[in-house]
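Residue-level structural notes
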Amino acid sequence: MSARRAGDNRVLPGTATERSFDAAIHLASIMPLLIAIPVVGRPHLLIGPFLLFGPFVLGKALAGSRYAGRQHRAKAIDFTFTVGVAAVVVYLLLSVGARYSSLSILLPVGAIGLLLLILNWLIFTAIAANRARYGELFDAPWVLPLPPWLRGVPQEVTQ
């Protein structure tokens, strides 16, 4: 058994509607993808950095001024930022592997990275949204934390 991080499974106060909004904050990263695919015409890895705008913009409206909502928004922004950075790295691996035949080994590495990235994003988003429905926070592993001022979150929300 592994030890839990402090604050990983705290139950935050809130009504069922507020908890549904908290779950929607985690699912908001899908919205930029659904908007960008018709514009671009197909899924593209460079859409990854724009996933951040879902929790950042839509999450602000869903969180309101509630402490629990701001906590969930901060966690969703950090996780989505990490997914966006990983998408750019996978795109670079695939681009370099396709361009230079001597580095073609990067194609299967990038393909495996893409599969892991998509699974990671979908699974951890679903887990975070499900936990939010019950008022719990979820810290996804391997998240690159952004500074609080960059997330637009007041200092008292961060830990």
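Up top you'll find the structure we're talking about.
Since the structure is predicted, the reported quantities are computational estimates derived from the model, not experimental observations.

Description of helix α3 (residues 53-63)
Those residues of α3 lying buried are G54, P55, G59, L62 and A63. The buried side chains of α3 occupy one side of the element, clustering within an arc of 100° when seen end-on. Residues of α3 that are exposed and point more than 90 degrees away from the buried face comprise V57, K60 and A61. The elements touched by buried residues of α3 are α1 (16-27), α2 (30-40) and α4 (67-99). Of the residues one or two after α3, G64 is the one with positive phi, at around 60°.

What to know about the environment of A126
Tracing the chain through its elements places A126 in helix α5 (residues 106-133). Judged by relative accessible area, A126 falls into the partly exposed class, the value being 44%. Sequence separation between A126 and A23 is 103 residues, and the spatial gap between their C-alpha atoms is 8.9 Å.

Some words on the environment of G69
Turning to its location among the elements, G69 is positioned in helix α4. Between the alpha carbons of G69 and A132 there is a distance of 9.4 Å; along the sequence they are 63 residues apart. Each residue touching G69, except ones within four places of it in the same chain, is listed here: D22, I25 and A63.

Remarks on unusual backbone geometry
Positive phi outside glycine occurs at W142, with the angle close to 60°. Inspection of the secondary structure puts W142 in the loop between α5 and α6 (148-151).

Cut-offs used in this document
Residues numbered from 1 in each chain as written. Predicted model: local features only at pLDDT ≥ 70, side-chain atom pairs only at ≥ 80, totals over all residues. Heavy atoms only, no water. Buried < 20%, exposed > 50% of the residue type's maximum accessible area, 1.4 Å probe, protein only. Helix = DSSP H or I, 4+ residues; strand = E, 2+ residues; numbered from the N terminus. Arc of directions from axis to C-beta. Contact = heavy atoms within 4.5 Å.

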